[in-house]
Every structure is written in C-alpha cells, then in structure tokens.
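As a plain string of letters, each chain reads:
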Amino acid sequence: MYQVKATVLFNEKAGKAHYRMKLEVSQIAKDARPGQFVHIRCSSGDDPLLRRPFSIHKCAQGRIDILYQVVGRGTAILSKKRRGDQLDLLGPLGKGFEIDSAFSKIFIISGGMGVAPLYMVAQEITRLGQGKEVTVLLGAKNKELILDKDDLESLGLRVMIATEDGSEGYQGLVSDLFERLISSQTSLSLAVYSCGPVSMLKKIAELSSHQGFFCQVSLEQRMGCGLGACLGCVIRGTSGYLRVCKEGPVFDAQEILWDDPGLEIK
Ligand SMILES: Cc1cc2nc3c(=O)[nH]c(=O)nc-3n(C[C@H](O)[C@H](O)[C@H](O)COP(=O)(O)OP(=O)(O)OC[C@H]3O[C@@H](n4cnc5c(N)ncnc54)[C@H](O)[C@@H]3O)c2cc1C
Ligand code: FES
C-alpha cells in the first residue's frame, strides 16, 4: 500500500452524471488487482475531511482509471479536477476478486456503477484464456446509464443489457435476467462476480446459496480510514464482524449476513 501524489491525465464526462479520470500513479498501478480500490483525498483543504473510496476501474502502463458518479461534495470537487492537477491517493487497498481458472462458465454482473471494479475482472478472465463461456450482464435504470458496453465487447465477451424502463435489452432487473439465464446451467462449473446495489447482490447471493455456484460480490460502504483501523465500515458476517475496507470489499456471497441493516448506506 502506498500514499502517493497522482497526476490527473484526464477527467472527462462519460454520460449524464459519470466521469472517467485517468491518473499517472505507477506504484499503485503496478500492484493493483481486480476489485481493489484507492482512497482519494478529494480536496486539499478539510472539506470534505475524509478520503473517498473508488474502485480501480482500469490499470495499465503506470496509470489507473477511476469511473465515478457525482453524488455529493467529494465527487463534485473531483469532477472539477483538470489535467496536471495532483491528488493524494492511498492504495491499492482491500481484498480483490479471486479469479479461478477452473470455472468454465462465468457471469460478470453489474448494477449501475457496479461495473467500476468489474472491468478488470473481465480483463483478467480474458487473459486466462480460451474455452470459457463468459457473459457480462449490465443493468441500469435506462440505456443512458449503461457504462462500458463497447469496452467489454471489445474484449470479445458476450454482453447483455437489462434496463428497468426497457429502453435497451431485457426489461427488468439484471438479477431477474440472470435468474432466467442460469435455470439450465450446471452450478459446479459456474462462477459469478458481481457489484451493484445491495438488493441486487442479495438476490444473486440467494441464488448462489440455493444452487451452489461460486459467487463473489464487491460491497460499497461509507468509509473512514480505509485501512482497517476506525471500524467505520463494519458489517455483520456469518462468522463475526467484517471490515469492508480490509476483509473486503470483495467477499464470498455466503460470508455476508444479507439482512444486516448496516449494509445499507446510512
Ligand atoms: C470500496 C468502494 C469502492 C467504490 N467505488 C466507486 C466507484 O468506482 N465509483 C463511484 O462512483 N463510487 C464508488 N464508491 C462510492 C463512492 O465512494 C461514494 O459515492 C463517494 O464516497 C461519495 O462521496 P461524496 O462526498 O461525493 O458524497 P457524500 O456527500 O459523502 O454522500 C452523498 C451520497 O452518496 C452516498 N454515499 C456516500 N458514501 C458512499 C459509499 N461509500 N458508497 C455508496 N454510497 C455512498 C451517501 O449515502 C449520500 O446519499 C465506492 C465505495 C466503496 C466503499
Ligand atoms: S474504513 Fe476504517 S476500518 Fe474500514
């Protein structure tokens, strides 16, 4: 883990409320694994005081990308950064996805911004070689909010869309589309990697529990230190409390107590 100054190479709009930022930060880029995150000090002053966590979306040649949505003070400040600006980063942090080459059928399932940590999962699975049937399911409220479809297709993966308003692809929730698609699958050869709203992850975790397939999810909790010290991100797991920043943000779906009210962002 490093604390470093990263240089903004670009920070551009990607759709209505989303931005892509590329940062020159060789130390973090060289160690980053799919599912890990960086903790960014958005402001040089004390408003906001706490760092904000963002998944490492892409990583190559000493650079990382983050893909983010403006939802409050920290992300609004981030959206104003320009080429050449410097940001204080901690990273790479947390435990990422375990990508096991043994599985022959893989679903990567994203809801909304959930695609941010999943692009590197898709890249890693592609790198592991041929002979796998990989399907990426991208879900969003409407087609304007679907991110990364072209990038994922250019990795050679089958990409399917679910929109709640039916403006593209399957009309309904991406977890419902997934349930339909797996009804005829053999669970033992199946792996699922997912990130998105808690309600979506909970549904996928229930399917995993009933059908016995391997399933890892990435959770987003509000964070303080990002280093395991403040306990600000704790949730309840099946065998005790879990720090999302340290034991996660990626967990086996069966490790989580999905009815824990602490799972919802307060
Ligand atoms: C491990 C991890 C990875 C993340 N990766 C990404 C990413 O790649 N792209 C991205 O856009 N966002 C990501 N998030 C969420 C991001 O950290 C928050 O959106 C951000 O901290 C909000 O800061 P703010 O100051 O703009 O908003 P605030 O003013 O702090 O809050 C505004 C709104 O955002 C909600 N919010 C605040 N913190 C979080 C949080 N940690 N998770 C979810 N909602 C939150 C609040 O409930 C509130 O409704 C990630 C969170 C975690 C824990
Ligand atoms: S954010 Fe401090 S322990 Fe996780």
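Conventions adopted
Residues numbered from 1 in each chain as written. Chains lettered and ligands numbered in written order. Predicted model: local features only at pLDDT ≥ 70, side-chain atom pairs only at ≥ 80, totals over all residues. Heavy atoms only, no water. UniProt positions renumbered as here; feature names shortened; annotations may be inferred. Pairing = 2+ DSSP bridges. Helix = DSSP H or I, 4+ residues; strand = E, 2+ residues; numbered from the N terminus. Contact = heavy atoms within 4.5 Å. Axes fitted to C-alpha atoms, helices over the stretch in contact; angles between N-to-C directions. Expected span 1.5 Å × (residues − 1). Buried < 20%, exposed > 50% of the residue type's maximum accessible area, 1.4 Å probe, protein only. Salt bridge = Lys/Arg side-chain N within 4 Å of Asp/Glu carboxyl O.

An unreviewed UniProt entry lists the protein chain under the name Dihydroorotate dehydrogenase B (NAD(+)), electron transfer subunit, from Aerophobetes bacterium. The Sequence similarities (unreviewed entry) comment attached to the protein chain in UniProt states, word for word, "Belongs to the PyrK family." If you open the UniProt record of the protein chain and go to Pathway (unreviewed entry), you find "Pyrimidine metabolism; UMP biosynthesis via de novo pathway; orotate from (S)-dihydroorotate (NAD(+) route): step 1/1."

> Just give me the short version of the sheet that holds strand 10 (residues 158-163), but keep the residues and values in it.
The strands making up a sheet associate through hydrogen bonds between their backbones, and the pairing can be parallel or antiparallel. Spatially, seven strands are ordered 11-10-9-8-12-13-16 in an open sheet, and the strand pairing comes out mixed. At either margin of the open sheet sits one strand with a lone partner, and together these are strand 11 (170-171) and strand 16 (250-252). As judged from the six bridges shared by strand 8 (residues 105-111) and strand 12 (residues 190-195), these two strands associate in the parallel manner. Bridge pairing in strand 12 links Ile-108 to Tyr-193. Where helix 3 (residues 115-127) meets the sheet, its contacts fall on strand 8, strand 9 (133-140), strand 12 and strand 13 (214-218), and the angle it forms with strand 8 comes to roughly 160 degrees.

> Could you give an account of helix 6 (residues 198-211), naming the residues involved and the relevant values?
Given a rise of 1.5 Å per residue, 14 residues ought to cover 20 Å, and the 20 Å separating the end C-alpha atoms of helix 6 matches this to within 8%. All buried positions along helix 6 are accounted for by Val-198, Met-200, Leu-201, Ile-204, Ala-205, Leu-207 and Ser-208. Gly-212 sits one or two positions beyond helix 6 and adopts a positive phi of about 80 degrees.

> Talk me through the pattern of salt bridges; I want residue IDs and the actual numbers.
Counted according to the given criterion, the structure contains 16 salt bridges. Its salt-bridge partner being Asp-148, residue Arg-20 comes within 2.9 Å of it at the nearest N-O pair. Taken together, the residues Arg-20 in strand 2 (residues 18-24) and Asp-148 in the loop between strand 9 and helix 4 (149-153) connect sequence positions 128 residues apart. Both residues of the pair, Arg-20 and Asp-148, belong to the buried class. Among the salt bridges present, the one from Asp-31 reaches Lys-30, with a minimum N-O distance of 3.5 Å.

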